[in-house]
Amino acid sequence: MYLKSLNIVGFKTFADETEVLLDPGFTAVVGPNGSGKSNIVDALKWVFGEKSAKGLRGDKMDDVIFHGSEARKPAGFAEVSVVFDNSSKLIKMDYPTIKLTRRLYADGNNEYLINDSRVQRKEIEKILLDTGIGKSSYSIMEQGKVDRILHSKPEERRLIFEEAAGISRFKMERQEALKKLSDTNQNLLRIQDIMNTMKKEMEVKEKQAEKAEEYFRLKQELDETDKIIRYIKFSTLTKKHETSENELKEIKEKNRVLLERISVETGRIEELDHLKSDLEKKVAEIDKKLLDHLTQTQIQKDKVESNKGIILDYSDRISDIRESLTKEESAQSLLQIDKEKLEKEAIDLEGESKSLELGIEELRKNKTDIEAKIEAENTSIQEKEARIQSNDKRHVELRERLKEVIFDLISQLESRKKEAQSTEQERNRLKELLLGEADRIHSVETELKTALDSYTGEETKNKISYLAGKLETEKFRSQLGEYFSLEDSIRSLLFDRDGFLSQKEGLDQEIEDLILENENLTRSIKESGLAIEALREEAENIREKIVYLEKRILELNSEKNAKLESAKSLSVRIEETEKRILAAQESIKTLGVKKTEFEKEVIELEQQIENRYNEFLEMSRALDSEKEALRNIVKEIQGLKNEIQKNQEDYKNLFPILTEKEKAVSVYKVQLESFSEELYNDYSISEQELADEFKDKKPEKGESETKLKRLKSDIQMLGSINPLSIEEYRNVKEIYEHHRTQKEDIERSKNDITEILKNINEESEKLFRETFERIRTNFQETFSTLFNGGRAMLELVDGEDSLNAGIEIMAEPPGKHVQNLRLLSGGEKSLTAIALLFAIYMVKPSPFCFLDEIDAALDEANKLRFCQILDKFKDKSQFVVITHAQSTIHRANSIFGVTNEEPGISKIISLRLDEARDFAGRATEAV
Ligand SMILES: Nc1ncnc2c1ncn2[C@@H]1O[C@H](COP(=O)(O)OP(=O)(O)OP(=O)(O)O)[C@@H](O)[C@H]1O
């Protein structure tokens, strides 16, 4: 068996119909990142029945439908078909090729087909069971699955081993058997309940029926005995009558007078006879009515039974509707939760949008403040520039004024200079004098110093006094005073008495101040310019922020609207569910009303049956009383006849013999007649029939009379009876017996299911253990081959219960002591998963295997080992390997390239090896 072709249309990047024709052996699939290689694997998983959108790398199932590209519209549906060669009959169907198809429409409608015939998804899963193929079997290995195999829970990992052991089918059968067992237990409980209820009713009915039967048995015996007694009586009477009649014939002529009277009395008897016959009619009518009663009662009972059936049917329908109602209600509450969540999110978004609006408001305020600041700065610049202008004007004025002051100052200095020249000459003369005097004083001082240094006494003292007198400092001082005054007058001449200099200095100062002020103003204008620029920048930032926030508000609003829209559509769905709930409730109500009507009718009918039974009893009583009246008439007739007999006795006085004989004949005749009538009234038979019945028997009178007495007392002891109870008991018993048989059948089928379950468990456990042991041994071997050493182990966790035991993997590459598989490197993990995959393959190769970049993390040496192991298995199984590795591509029998010639659309092309190398090379460069 192998995969012949894969047909994809509208699925993910495969917008156009794409057919991949696959050969047995080893096929490589190459192509740049994102070109759609893994989408092929997704298509395969999808057609095998993948239910989880996450398993197909999406959020929801309709993510698989091509969602459009820049140049293309989205597809309306996705469809994937795979065709298998089934000549090996691995799939247990009588077709040489099998085509599986899955289709998904944008409205969420899913279709599954086997050989183009519509089927349920379960049927596809069922035919793939234990073939090694399937969405979660080991026939599809992706990068993510390597991690899943190594890191999943031990119980989840077990699924792959079950597939290899071929017990997945058993597992499904086991689930079905368990479901059947639970249904059977339910049925048993239900039938037991019914039987328990019926048993009580049956016991009551049984007692009533037993009593009625006893009554009828006694009554029959009583009638029999009565008839025997009557027969004895009849025989005696007949004999007597015959004898008397013969005697009477002889003396009849003698009785004419008395016959007259007898005739009158006979007339009376005739009257009574009329009455009697009326009564007999009445009795017959009552009898007929009693019969009608019984028939009517039976009809009503049948009606009650049929109504009970209908009521049961209504109950079933009501409970079905209730069940679907519960489902609808839980679906509705889920929708309600979703809707509330969306509304809350919309409110949150609204809140966020409001707070952003407040932020914008704040930013606008800041911006306005900044603009005001810029305005203020501009105003201040303008003021400063005006100030500079006025300063410049003042500067020009001051310069003019300074020029004037300087001219005045120069001319004044010129005239002063002339004035100071003579004073200066005098001062120079005095200076010459003072310098001469100073030299003289200095030489006297030097002499004085020498004299003081060499002080020897009186003589030196005189010299010192003499030299001190010679100093004449007073004169020098007065000349010096004169010099200073000349100097002062020169200075005062040069001094700016009119303040021109100070005016000039003032002007200079003022000009300097103006220049300084202008410089300060210019600097300040410059600073203001910078400040304005900074403020403008800040304002621009704020404006950008406002624009961003306004955009964000728009986004939030549209997000909010989308949420509200979704909430609205959920509301519509909730309303629809509500309508369905209401409709279901209405149906329950309507069915309930109908059911109640039938129940009411049953109650009424049962009441009518009871009433009829009472009427029946009443009529029976009426019948008895009519019969009593009849007997009284008969008695009266009898009395009259006795009267006749008395007349006959009188007649006898006249004609003693005749009378005696006539009397005797008459008595016997009357007795016989009355006997006949009574007999007919009581048993509806003639005396002849009675005689025929007993003529061959030899009944004994005394014994029969005792028996009759006993029977009457026995019947009295029974009290009231229900004549219908026998029939009722028979019906109830029949139904009870039917249920008992059903119960036995169910118990038998329960035992069968338990037996099947036991066999399934034993068989699966055996298969699983055998397969597990083989895979365990193989895994050790493949692991040390791939790793060139090292140790690997598989262990059953909770080994006691191998039906549910999980599987633990332990792997230690050469020279390493690994306690946790997570600590393995990416390449080591891939190699471990590959070792496990091929260990399983050695036990049960799947007919084909898709490997999606599981060699990605392997180094060149390990890629080579991976290829060698592929080579080993490629005759047993068909391999389709998605890869970027040259070494892997190199080994393939056929190569496919997946391209995106048109952006976002995958196209498959067949490649030669050299083309594939270029193709893969380009792809790698692109990466
Ligand atoms: N419903 C869809 N409609 C259109 N394009 C889709 C759809 N679903 C997925 N894609 C696109 O499919 C591409 C992914 O394809 P895929 O994973 O098969 O690439 P790849 O060839 O396996 O890449 P890599 O080599 O990187 O694994 C993504 O670009 C994704 O946008």
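Residues numbered from 1 in each chain as written. Predicted model: local features only at pLDDT ≥ 70, side-chain atom pairs only at ≥ 80, totals over all residues. Heavy atoms only, no water.

Looking at an unreviewed UniProt entry, one finds the protein named Chromosome partition protein Smc and attributed to Leptospira saintgironsiae. UniProt, in the comment section headed Subunit (unreviewed entry), describes the protein in these words: "Homodimer." As stated in UniProt under Function (unreviewed entry), the record for the protein gives "Required for chromosome condensation and partitioning." (UniProt positions renumbered as here; feature names shortened; annotations may be inferred.)

K.L.:
Which parts of the structure should I look at to understand the overall build of the protein?
P.N.:
Counting secondary structure elements, the protein contains 17 helices and 14 strands. The C-alpha atoms of the protein give a radius of gyration of 69 Å, which is well past the 30 Å a tight globule of 927 residues would have. Its C-alpha atoms give the protein principal-axis dimensions of roughly 250 × 80 × 75 Å. Split into buried and exposed, the 927 residues of the protein put 40% on the buried side. Restricting the contact set of the protein to residue pairs at least 6 apart, pairs at least 24 apart contribute 76%. Of the roughly 53,500 Å² of accessible surface on the protein, a fraction of 52% belongs to carbon and sulfur atoms. Of the charged side chains in the protein, 153 are positive and 188 negative, and the gap between their average positions amounts to 4 Å. (Helix = DSSP H or I, 4+ residues; strand = E, 2+ residues; numbered from the N terminus. Rg over C-alpha atoms; globule rule 2.2 N^0.38 Å. Buried < 20%, exposed > 50% of the residue type's maximum accessible area, 1.4 Å probe, protein only. Contact = heavy atoms within 4.5 Å. Areas by Shrake-Rupley, 256 points an atom, 1.4 Å probe, with all protein chains shown as cover. Lys, Arg positive; Asp, Glu negative; His and termini not counted. Charge placed at Lys NZ, Arg CZ, Asp CG, Glu CD.)

K.L.:
When you look at the sheet that holds strand E7 (residues 117-119) in this model, what are you seeing that I'm missing?
P.N.:
Spatially, the 6 strands line up as an open sheet ordered E2-E1-E4-E5-E6-E7, and their pairing is antiparallel. Lying at the two open borders of the sheet, with one neighbouring strand each, are strand E2 (18-21) and E7. Going from strand to strand, the sheet's axes swing by 20° on average, the running direction of each strand aside. Summarising the sheet, strand E4 (residues 77-85) and strand E5 (residues 97-105) pair through 9 bridges and their orientation is antiparallel. The residue bridging glutamate 79 from the neighbouring strand is arginine 103, located in E5. Lying on the sheet, helix H1 (residues 37-47) is in contact with strand E1 (2-9), E4, E5 and strand E6 (110-114); it crosses E4 at an angle near 80°. Its contacts with the sheet put helix H2 (residues 121-128) on E5, E6 and E7, and the angle it makes with E6 is roughly 40°. (Pairing = 2+ DSSP bridges. Axes fitted to C-alpha atoms, helices over the stretch in contact; angles between N-to-C directions.)

K.L.:
In this structure, what is going on with the site of the ligand? I would like to understand it.
P.N.:
Around the ligand sit 18 residues, and of these Asn33, Gly34, Lys37, Ser38 and Asp63 come closest. Between the ligand and glycine 36 there is a distance of 3.0 Å, counted from an oxygen atom to a backbone nitrogen or oxygen. Interatomic distance of 2.9 Å between a side-chain N/O atom of arginine 57 and an oxygen atom of the ligand. When the free accessible area of the ligand is taken as 660 Å², the share hidden by the protein chains comes to 73%. The class makeup of the residues in the shell around the ligand is 4 nonpolar, 9 polar and 5 charged. (Near = heavy atom within 4 Å. Polar contact = N/O pair within 3.5 Å; in protein donor to acceptor, adjacent residues only side chain to side chain. Nonpolar A, V, L, I, M, F, W, Y, C, P; charged D, E, K, R; others polar.)

K.L.:
What's the story with helix H11 (residues 687-694) in this structure? I'm lost.
P.N.:
An α-helical turn contains 3.6 residues, so a residue and the one three or four places further along point in the same direction. Within the span of H11, buried status applies to Leu690, Ala691 and Phe694. For H11, the angular spread of the buried residues around the axis is 95°, confining them to a single face. (Arc of directions from axis to C-beta.)

K.L.:
What should I look at first to understand the nonpolar core in this one?
P.N.:
Across soluble globular proteins, you tend to see nonpolar side chains buried next to one another. Of all hydrophobic cores here, the largest spans 56 residues; its most connected members are Leu851 and Phe879. Top contributing element to this core by residue count: helix H14 (residues 826-843), with 11 residues. Apart from residues no more than four positions distant in its own chain, phenylalanine 879 is found in contact with Gly25, Phe26, Thr27, Phe838, Tyr841, Cys849, Leu851, Leu870, Phe873 and Lys874. If you look at the next biggest cluster of nonpolar residues, it comprises 43 residues, including Phe11, Phe14, Ile40 and Ile127. (Core = buried A, V, L, I, M, F, W, Y, C linked by side-chain atoms within 4.5 Å.)

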